[in-house]
Amino acid sequence: MSVAARNVTVCQPLPVLGREVEVPLVNGEKVGYAALDYAASAPALQRVWDDVAAYAPYYGSVHRGAGYLSQLSTDLFEQSRATVAEFLDLREDDQVVFTRATTDSLNLLAGALPSGTRVFAFETEHHASLLPWPGRGLEVAYLRAPRSPREAVAALDAALDAAGPGPKLVCVTGASNVTGEIWPVAELAAVAHGHGARIVLDAAQLAPHHRVSVRELDVDWVAFSGHKLYAPFGAGVLAGRADWLDAAEPYLAGGGASRTVARETDGSVAVEWHRGPARHEAGSPNVIGAYAIASACRALAEAGLDTLHAREQQLIERLRAGLAEVPEVRVLTLFGEDHPRVGVLSFVVQGWNSSHFAAALSAEYGIGVRDGLFCAHPLVRTLLGGEETAPSECGAPEPSLPGERSLNAIRVSFGAGTPEEHVDRFLAAVRELVGSGSAWSYRTEGGRCVPDTRR
């Protein structure tokens with residue numbers, strides 16, 4: 001991509017909280033913060049925050065209150081469920097369960113699988129969708145990292161073909177939290193269903209950037225987190241087919257999940273559990289969290305997901321073209337540099353430890369990125385091929401395997417609230433650090449790489 005092409009003006013970002021926050025640099029100056037760690041937690045949309053603030057004075061108990069505020073909060077909670085269902089284009093008999101996050105959603109589903117279910121997941125998954133399955137009496141097959149979408153489809157087809165009869169579940173990400181690459185979800189769903197298996201989509205990285213239609217993708221469940229969808233922390237969604245969820249024991253036992261509880265003559269209690277979402281939402285629900293997710297869904301839909309996606313693609317091309325001009329930078333990819341991706345990109349820099357580089361971006365430029373293995377250790381190790389980053393004053397913040405001195409990478413991620421200027425600042429900082437080195441020395445403190453200010 002030419003320099004001239006990179007100067008094309010993109011549409012304005014959506015207003016987000018923190019857009020005017022200034023942060024201190026190590027030299028004592030202050031600068032506007034460039035938040036480029038959306039893949040971990042995206043800043044809340046101003047619209048979402050305003051909606052939550054408007055509701056706050058009407059806060060009331062849910063489902064079991066006769067008062068006006070309780071009824072209003074109950075209506076708000078259930079309307080939020082309907083909004084999420086519309087955002088995901090659910091089937092008529094699908095249900096929406098509010099959880100704490102993607103991790104919570106997939107653990108809930110893992111506990112609801114029929115006895116003897118065999119689970120299939122690629123080793124490229126985030127730990128949230130890689131780890132919930134073992135230890136529950138389930139047989140788990142981890143498939144090797146594919147190097148193309150076609151290879152992914154073929155590998156799943158072969159694995160399911162060899163599995164034989166019985167309940168089966170495939171878990172797949174929609175977009176990688178490491179490379180940003182979009183996975184062939186519809187094709188994998190077709191293969192899964194062709195073998196009588198079900199499939200759950202981890203949409204934590206896909207939903208904030210791309211339209212997700214459960215009907216069109218033909219997945220059985222979808223999970224995502226509010227804090228990646230421009231809502232505050234503490235709420236998530238598991239949405240999809242009801243039968244396995246209704247047949248399972250409640251995720252949590254308690255009020256709200258129980259329909260009736262009666263004392264038995266032997267001193268025990270007999271419980272009849274609710275069917276539907278309430279079965280797995282015991283206790284007082286996070287109404288504000290659910291409403292915030294619904295508000296974010298409405299805001300993204302009203303802004304136009306296609307428009308937001310087109311704007312993000314311009315930023316991605318701007319970023320990729322700028323990094324391509326720095327020979328020392330190697331971008332990590334599973335499916336190839338030209339494969340479609342969301343606004344997530346990881347890389348390493350020749351001659352630099354990734355933790356040192358990320359620390360310098362923060363301390364010297366006010367730019368927030370991520371470094372480490374991104375809760376996707378097997379994938380990052382595969383992409384790096386055992387290639388250790390350069391020695392530095394400080395090493396990787398995440399534990400290394402025996403024999404690994406420092407195996408880590410840098411991740412930059414952005415979305416609907418990212419101004420063009422933040423991408424340009426990042427690229428300028430990368431060029432300056434690679435060309436001139438960091439202005440400060442760094443050391444390890446509390447497992448993190450920090451500037452050494454003791455001089």
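Further up the page is the structure itself.
Residues numbered from 1 in each chain as written. Predicted model: local features only at pLDDT ≥ 70, side-chain atom pairs only at ≥ 80, totals over all residues. Heavy atoms only, no water.

S.K.: What should I look at first to understand the overall build of the protein chain in this one?
M.R.: Regarding its fold elements, the protein chain presents 14 helices and 19 strands. Relative to the compact-globule value of 23 Å for 455 residues, the protein chain shows a C-alpha radius of gyration of 23 Å, a close match. In terms of overall dimensions, the protein chain has a C-alpha envelope of 80 × 55 × 45 Å along the principal axes. Counting only residues that meet the buried cut, the protein chain has 55% of its 455 residues in that class. When the accessible area of the protein chain is evaluated, it comes to approximately 19,100 Å², of which 52% is carbon and sulfur surface. Across the protein chain, 39 positive and 54 negative side-chain charges occur, with their mean positions spaced 2 Å apart. (Helix = DSSP H or I, 4+ residues; strand = E, 2+ residues; numbered from the N terminus. Rg over C-alpha atoms; globule rule 2.2 N^0.38 Å. Buried < 20%, exposed > 50% of the residue type's maximum accessible area, 1.4 Å probe, protein only. Areas by Shrake-Rupley, 256 points an atom, 1.4 Å probe, with all protein chains shown as cover. Lys, Arg positive; Asp, Glu negative; His and termini not counted. Charge placed at Lys NZ, Arg CZ, Asp CG, Glu CD.)

S.K.: Looking at this model, I keep getting lost on the environment of proline 167. Mind explaining?
M.R.: Among the secondary structure elements, proline 167 is positioned in the loop between helix H6 (149-161) and strand S7 (168-173). Take proline 167: its relative accessible area is 27%, and that puts it in the partly exposed class. A C-alpha to C-alpha distance of 52 Å links proline 167 and glycine 32, two positions 135 residues apart in sequence. The residues contacting proline 167, other than those within four sequence positions of it, are Pro114, Ser115, Gly116, Thr117, Arg118 and Trp244. (Contact = heavy atoms within 4.5 Å.)

S.K.: What is the right way to read empty space enclosed by the protein from this model?
M.R.: To find leftover empty space, a probe the size of one water molecule is rolled over the atoms. Counted under the stated rule, the structure contains 1 cavity of 30 Å³ or more. There is about 60 Å³ of room inside the largest cavity. Pro208, His209, Leu305, Leu308, His309, Arg311, Glu312, Gly415 and Ala416 together form the lining of the largest cavity. Classifying every residue of the lining of the largest cavity by side-chain character gives 4 nonpolar, 3 polar and 2 charged. (1 Å grid on protein atoms, 1.4 Å probe; cavity = no way out; pocket = protein on both sides within 12 Å on 5 of 7 lines; lining within 4 Å. Points joined across faces, edges and corners; volume = space filled by probe spheres on them. Nonpolar A, V, L, I, M, F, W, Y, C, P; charged D, E, K, R; others polar.)

S.K.: Whenever I open this one, the pattern of salt bridges confuses me. Can you help?
M.R.: Oppositely charged side chains can pair when the atoms bearing their charge come close. Across all of its chains, the model carries 24 salt bridges by this definition. The closest approach of N and O atoms between arginine 91 and aspartate 94, which form a salt bridge, is 2.9 Å. Here the two residues arginine 91 and aspartate 94 agree in accessibility, since each one is buried. For the salt bridge of glutamate 445 with arginine 443, the shortest nitrogen-to-oxygen distance reads 2.8 Å. Assessed through its relative accessible area of 43%, glutamate 445 is described here as partly exposed. (Salt bridge = Lys/Arg side-chain N within 4 Å of Asp/Glu carboxyl O.)

S.K.: Could you clarify how one ought to interpret helix H2 (residues 46-55) in this entry?
M.R.: Each α-helix turn comprises 3.6 residues. Residues three or four places apart therefore point the same way. Looking at H2, one finds that the buried residues are Val48, Asp51, Val52 and Tyr55. Angular distribution of buried residues about the axis of H2 spans 95°; they occupy a single face of the element. Tucked into the core, H2 has its buried residues touching helix H3 (68-88) and helix H10 (287-303). (Arc of directions from axis to C-beta.)

S.K.: What am I meant to see in the packing of helix H12 (residues 354-365) against helix H14 (residues 420-436) here?
M.R.: For any two helices packed against each other, the geometry comes down to the angle between their axes and how far apart the axes lie. Orientation of H12 relative to H14, taken along the N-to-C sense of each, is 115°, at an axis distance of 11 Å. As the angle between them shows, H12 and H14 are arranged roughly perpendicular. The element H12 and its partner H14 pack so that their crossing is right-handed. In this structure, H12 contributes Phe357, Ala360, Leu361, Glu364 and Tyr365 to the contact, and H14 contributes Arg425, Phe426, Ala429, Val430, Glu432, Leu433 and Val434. Residues of the contact of H12 with H14, tallied by class, amount to 9 nonpolar, no polar and 3 charged. (Axes fitted to C-alpha atoms, helices over the stretch in contact; angles between N-to-C directions. Parallel < 35°, antiparallel > 145°, perpendicular 65-115°, else oblique. Left-handed = near helix turned anticlockwise from the far one by under 90°.)

S.K.: I would appreciate a short explanation of the pairing of strand S11 (residues 258-263) in the present structure.
M.R.: Across a regular strand the side chains alternate sides, sitting on one face of the sheet and then on the other. Direction of pairing for S11 relative to strand S12 (residues 269-273): antiparallel, over a ladder of 5 bridges. Paired with threonine 260 across the strands is glutamate 272, a residue of S12. Following S11, the chain reverses through 5 residues before pairing antiparallel with S12; glycine 267 in that reversal takes a positive phi of roughly 95°. (Pairing = 2+ DSSP bridges.)

S.K.: What's the story with the pairing of strand S14 (residues 344-349) in this structure? I'm lost.
M.R.: Counting buried positions over the 6 residues of S14 gives 6, a clear majority of the element. Along S14, one buried face is formed by Val344, Ser346 and Val348 and the opposite face, lined by Leu345, Phe347 and Val349, is buried too. Inspection of the sheet shows strand S13 (residues 329-331) paired to S14 by 3 bridges, in the antiparallel sense. If you follow valine 331 over to S14, its bridge partner there is phenylalanine 347. Direction of pairing for S14 relative to strand S17 (residues 409-413): antiparallel, over a ladder of 4 bridges.

S.K.: Looking at this structure, I do not really get the side chain of asparagine 177. What am I missing?
M.R.: By the secondary structure assignment, asparagine 177 is in the loop between S7 and helix H7 (185-194). Apart from residues lying up to four places away in sequence, asparagine 177 is in contact with His126, Gln205, Val344, Phe374, Ala376 and Arg411.

S.K.: I'm lost on the layout of surface pockets in this one. Help?
M.R.: Volume-wise, the largest pocket comes out at about 360 Å³. Lining the largest pocket are 24 residues, and of these His126, Asn177, Lys228, Phe374 and Cys375 lie nearest its centre. Counting residues per element, the ones that place at least two in the lining of the largest pocket are helix H4 (102-112) and strand S16 (370-372). Residues belonging to the lining of the largest pocket are distributed by class as follows: 9 nonpolar, 9 polar and 6 charged. Of the volumes computed, that of the second largest pocket is approximately 280 Å³. Considering the residues around the second largest pocket, the lining is formed by 18 residues, among which Phe98, Thr99, Arg100, Asp104 and Ala282 are closest to the centre. Of the residues contributing to the lining of the second largest pocket, the split by class is 9 nonpolar, 6 polar and 3 charged.

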